[in-house]
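Descriptive structure summary
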Amino acid sequence: MGRIRRQGTRDIQGVVLTMLNQEQINFFKSNGYLLVPGAMALTQCRKVRELMWQAMPKGSAMQVDDLVSQIGPFKSEDEALDARHLRVGYRWLNRFLGVSPEVISLIYSESICAMAQQLLGGQLRQAVANGLPMGSYGNAWPGGPTDPATGNEGARGVYCTLPYGNKAKEPDQCHTDGHPFQLGVVGLIDDCPQDGGGFKVWPGSHNKLYPTFALRYDQPRIPYYEHLPGYKGIVHSPEYLHEVDKLNSDVTPVECWGEAGDIVFWHHRLAHMAGHNYTNSMRQAVLADFWTTNLDQFRTTPAQGDMWRDWSEQVQLSSTDYSDELAALQRL
Ligand SMILES: [Fe+2]
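Residues numbered from 1 in each chain as written. Predicted model: local features only at pLDDT ≥ 70, side-chain atom pairs only at ≥ 80, totals over all residues.

**Brief notes about the overall build of the protein**
The helix and strand tally for the protein stands at nine helices and ten strands. Relative to its length of 332 residues, the protein is compact, with a C-alpha radius of gyration of 19 Å against a globular reference of 20 Å. In terms of its C-alpha atoms, the protein occupies a principal-axis envelope of roughly 60 × 55 × 40 Å. Expressed as a percentage of contacts within the protein between residues at least 6 apart in sequence, the contacts between residues at least 24 apart total 82%. (Helix = DSSP H or I, 4+ residues; strand = E, 2+ residues; numbered from the N terminus. Rg over C-alpha atoms; globule rule 2.2 N^0.38 Å. Contact = placed C-beta atoms within 7 Å.)

So this is what it looks like as structure tokens:
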């Protein structure tokens, strides 16, 4: 796999400051994702990796210089169930770091925000360094997922997937996110080889799933009652469930493996999953959302119609043409 060459000036961290070209935007519109290699500064990636290890309690069984100790699942003595710094099973999620100045300047850098702005137009919501981290108000409903949109003033956080060791292989299973946002980004802060737990996306699934939603940005939720467990917070339409089944059986996902500094943008209705990690090294990535200050107004508008009407004029006017060369670089 070659690296996508981008021309342009570099900042002092060596990050290319080029904007997205028209072909990349066309590809995003058509497929709902876009890999952008080398978008984050390596020195900053290294700093965030160091912060992850500094956040581990002293005397933990898992150690930075011992790869065998990093094979999942977490030992019971290293487990933590606080949603802001979760360590359980094969997942190590540090959401406190999502509001650290280091993570915010990494994933919401001038360069990455400029690219997000090209796609979204409008006025980007601004993250607040040292603000409230995701998970501050607990789960979306009892036993449910942590809501990325509740009490989160920064990025989602640093999400790691430990190597599966001898865990049995599992099939890929896609989903969409239920909270309102417009554009997601996953940035690798360390090298992530193939089959190493990289984010997986189902190309073009945003086009298939968009018509199945009852609301433009939200996921309908109903109250959760322990004695009436038939509904668990979120209700999907039969059309949505049918499309997800078809995506799982018919579409080969694209795995966003790569090198430290690589990012992938993804559309909020794109089917995706956290990849399984069948390698010997931990997957380490920063996850963050973008949305514009108009989202609260947009979410009240009809769910159907032109799915791109809230996006930048450049995206709206884009075609869906791109070269085979770009498709190959995007692993399509
Ligand atoms: Fe998700």
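**What to know about the sheet that holds strand E6 (residues 200-201)**
Across the sheet, which stays open at both edges, the three strands sit in the order E7-E6-E9 with antiparallel pairing between neighbours. Here the strands that pair on one side only, and so sit at the sheet edges, are strand E7 (254-255) and strand E9 (272-273). (Pairing = 2+ DSSP bridges.)

**Digging into the nonpolar core**
Grouped together as the largest cluster of nonpolar side chains are 71 residues, with contacts concentrated most on Val 103, Ile 107, Val 185, Ile 263, Val 264, Phe 265 and Val 286. If near-sequence neighbours (up to four positions away) are discounted, Phe 265 is found in contact with Phe 28, Tyr 33, Leu 34, Val 36, Leu 119, Leu 183 and Val 185. (Core = buried A, V, L, I, M, F, W, Y, C linked by C-beta atoms within 7 Å. Buried ≥ 20, exposed ≤ 12 C-beta atoms within 10 Å, placed from the backbone.)

**Some remarks on helix H6 (residues 238-250)**
Between its terminal C-alpha atoms H6 stretches 18 Å, which fits the 18 Å expected from 13 residues at 1.5 Å a residue. Along H6, the residues that are buried comprise Glu 243, Val 244 and Leu 247. The buried residues of H6 occupy an angular sector of 100° when projected down its axis, which confines them to one face. Every exposed residue of H6 that faces more than 90 degrees away from the buried side is listed here: Pro 238, Leu 241, Asp 245, Lys 246, Ser 249 and Asp 250. (Expected span 1.5 Å × (residues − 1). Arc of directions from axis to C-beta.)

**Comments concerning the environment of Glu 170**
By secondary structure assignment, the location of Glu 170 is in the loop between strand E4 (157-161) and strand E5 (183-188). In this structure Glu 170 comes out as exposed when scored by C-beta crowding, with 9 C-beta atoms within 10 Å. Separated by 106 residues in sequence, Glu 170 and His 276 place their C-alpha atoms 7.7 Å apart.

**Some points on unusual backbone geometry**
Gly 72 connects to Pro 73 through a cis peptide bond whose omega is -5°. Following the sequence through the fold, Pro 73 ends up in the loop between helix H2 (42-55) and strand E2 (85-88). You will see that Asn 130, though not glycine, has its phi angle at about 65°, which is positive. Positive phi values are uncommon outside glycine, yet Asp 195 reaches one of about 65°.

**Considering the confidence of the model for the protein**
Detailed reading of predicted coordinates is not advised where the pLDDT is low. The predicted model of the protein averages 93 in pLDDT, with 95% of residues at 70 or higher. Overall, residues 1-7 carries pLDDT values under 50, and its contacts beyond four positions in sequence, including any with other chains, amount to seven contacts. (pLDDT = per-residue confidence, 0-100.)

**What about the environment of Gly 122?**
In this structure, Gly 122 sits in the loop between helix H4 (110-120) and E4. Gly 122 gets classed as partly exposed once you count the C-beta atoms within 10 Å, which come to 16. With near-sequence residues (within four places) excluded, Gly 122 lies in contact with Thr 292, Thr 293 and Asn 294.

**Comments concerning the sheet that holds E4**
If you trace the seven strands from one edge of the open sheet to the other, you get E1-E8-E5-E10-E4-E3-E2, paired in antiparallel fashion. Edge strands, defined here as strands with exactly one partner in the open sheet, are strand E1 (33-36) and E2. Going across the sheet, the axis of each strand differs from the next one's by a mean of 20°, ignoring polarity. Packed onto the sheet, H2 meets E2, strand E3 (91-94), E4 and strand E10 (283-290) and runs at close to 105° relative to E10. Where H4 meets the sheet, it contacts E1, E5, strand E8 (263-267) and E10, and its direction lies at approximately 155° from that of E5. (Axes fitted to C-alpha atoms, helices over the stretch in contact; angles between N-to-C directions.)

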